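Reading the structure
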Amino acid sequence: MRKIRWGVIGSAGIAKRSVIPGIQQSETGEVVAIASRTLEKAQQTAAELDIPIAYGSYEEVLDDPHIDSVYIPLPNHLHKEWTIRAAKAGKHVLCEKPLALNAEEAREMAEACEEAGVIFAEAFMYRYHPRYQSISDIIKSGEIGELRGIYANFTFNNAGDKGNVRYKKEWGGGSLYDVGVYPISAARMLLEEEPQAATVHALFSEEHGDVDMMASGLLEFEKGVALTFDCGMWAAGRNVLEVIGTDGRIEVPSAFVVHQDQQDNFVVITKEGSREVEVPKLNQYALQADAFGQSVLEGKPLPFPASDAILNMKVLDACLTSARERRRVEIQ
């Protein structure tokens, strides 16, 4: 089977640590080139990850006729520019989350990719792991009764690294952009509907570029159901999701970060007792690459199209407005 030849635009930690190894482990893809702002950095990363070609500029990846798709792990404010440039160069695009700085940018990116006839997806790797299909099936089965709410969090503490790109407001820094998007997307996916309003309270830190270092939020869905979430970059590490029903609950202790070498199972608790649902040890980054690859090679529909990314950004826009203006924001 022919494999997609990937080029990587940028050498961010997430690319080196997770996404590139995931593509290399996938059935449909191979990483043939990486670009960085300097040739030296690109060569170093290429040597570390056994990538054949290193480029000292992003343009060279787009000019390479042998590259089919690009992965973009650049800082958030550069996602729009390089996605549109990649689309015009005829490259399929997997762009790191959050897709853009706002829903309007996301819409422009999606339109550019559609016009160019290329596949475009947001890199939310956790959604490709089969455990979320299992969780969805359990909810729909009625085992935990009628759905009453979802609780989720994603926090870590990186506050000591003052020069981190996450702390540059104009670059799309802040915890809502970086990790808050996970609980938001998970609730939308599991509930299969869009929230009607957002209320978010946040800690903005002057010593970290005035970005939100911690945020706590409420998203209102239909029938009185809500997502209660928190996210942070200046708090002890957690990434937990809990689904509450009238007759039981589902607890996911490692909701977004799956350790391939560990058994990241989840638990279903009802009046009948509790049962542990075994989760297969799979690389969710490889699963993401293969879903993308099957769309490129075989024309299979993406599980999560660009339209979903635009809707997620719309919710994030409301959350950011609510946090800054200290008010409830309705989502049209």
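Computed from a predicted structure; not experimentally measured.

1. A closer look at the packing of helix α1 (residues 13-25) against helix α2 (residues 39-49)
- Between α1 and α2, the least distance of the axes is 11 Å, while the angle of their chain directions is 55°. Compared by their axis directions, α1 and α2 come out oblique. For the pair α1 and α2, the sense of crossing is right-handed. For the pair α1 and α2, the contacting residues are Lys-16, Ile-20 and Gln-24 in the first and Thr-45, Glu-48 and Leu-49 in the second.

2. Structural notes on the sheet that holds strand β3 (residues 53-55)
- Read from one edge of the open sheet, six strands run β3-β2-β1-β4-β5-β6, paired in parallel fashion. The strands lining the two open edges of the sheet, one partner per strand, are β3 and β6 (120-123). Neighbour-to-neighbour, the strand axes of this sheet turn through a mean angle of 25°, independent of strand direction.
- Across the sheet, α1 lies against β1 (4-9), β2 (29-35), β4 (69-72) and β5 (92-96), angled at about 145° from β2, the strand it touches most.

3. Things to note about the packing of helix α5 (residues 103-116) against helix α9 (residues 306-325)
- Between α5 and α9, whose axes approach to 8 Å, the crossing angle comes to 165°. Considering the angle they form, α5 stands roughly antiparallel to α9. Judged by the twist between their axes, the crossing of α5 over α9 is right-handed. Two secondary-structure elements touch here, α5 through Ala-103, Ala-106, Arg-107 and Ala-110 and α9 through Ala-306, Ile-310, Met-313, Lys-314 and Asp-317.
- Here the contact of α5 with α9 is built from residues that sort into six nonpolar, no polar and three charged.

4. Observations regarding α5
- Over its 14 residues, α5 runs 20 Å from end to end, which matches the ideal 20 Å to within 8%, given 1.5 Å per residue.
- Buried within α5 are the following residues: Ala-103, Glu-105, Ala-106, Met-109, Ala-110, Ala-112 and Cys-113.
- Lining the buried residues of α5 we find α4 (79-88), β5, β6 and α9.
- Structurally, the start of α5 carries an N-cap: the backbone nitrogen of Glu-104 is 3.2 Å from a side-chain oxygen of Asn-102.
- Immediately beyond the C-terminal end of α5, within one or two residues, lies Gly-117, with a positive phi of roughly 75°.

5. Considerations on the pattern of salt bridges
- Within the structure shown, the criterion is met by 24 salt bridges.
- Here Glu-146 ties to Arg-148 by a salt bridge, and the two come within 3.6 Å at their closest N and O atoms.
- Between Glu-298 and Lys-300 there is a salt bridge; the shortest N-O distance is 3.8 Å.
- According to the relative accessible area criterion, Glu-298 is partly exposed, its value standing at 46%.
- Residue Lys-300 is classed as partly exposed on the basis of its relative accessible area of 42%.
- Overlapping salt bridges, with partners in common, bring together Arg-127, Arg-188, Glu-194 and Asp-308 in one network.

The rules we used
- Residues numbered from 1 in each chain as written.
- Predicted model: local features only at pLDDT ≥ 70, side-chain atom pairs only at ≥ 80, totals over all residues.
- Heavy atoms only, no water.
- Axes fitted to C-alpha atoms, helices over the stretch in contact; angles between N-to-C directions.
- Helix = DSSP H or I, 4+ residues; strand = E, 2+ residues; numbered from the N terminus.
- Parallel < 35°, antiparallel > 145°, perpendicular 65-115°, else oblique.
- Left-handed = near helix turned anticlockwise from the far one by under 90°.
- Contact = heavy atoms within 4.5 Å.
- Pairing = 2+ DSSP bridges.
- Nonpolar A, V, L, I, M, F, W, Y, C, P; charged D, E, K, R; others polar.
- Expected span 1.5 Å × (residues − 1).
- Buried < 20%, exposed > 50% of the residue type's maximum accessible area, 1.4 Å probe, protein only.
- Polar contact = N/O pair within 3.5 Å; in protein donor to acceptor, adjacent residues only side chain to side chain.
- Salt bridge = Lys/Arg side-chain N within 4 Å of Asp/Glu carboxyl O.

Honestly, it's all geometry; don't read function into it.
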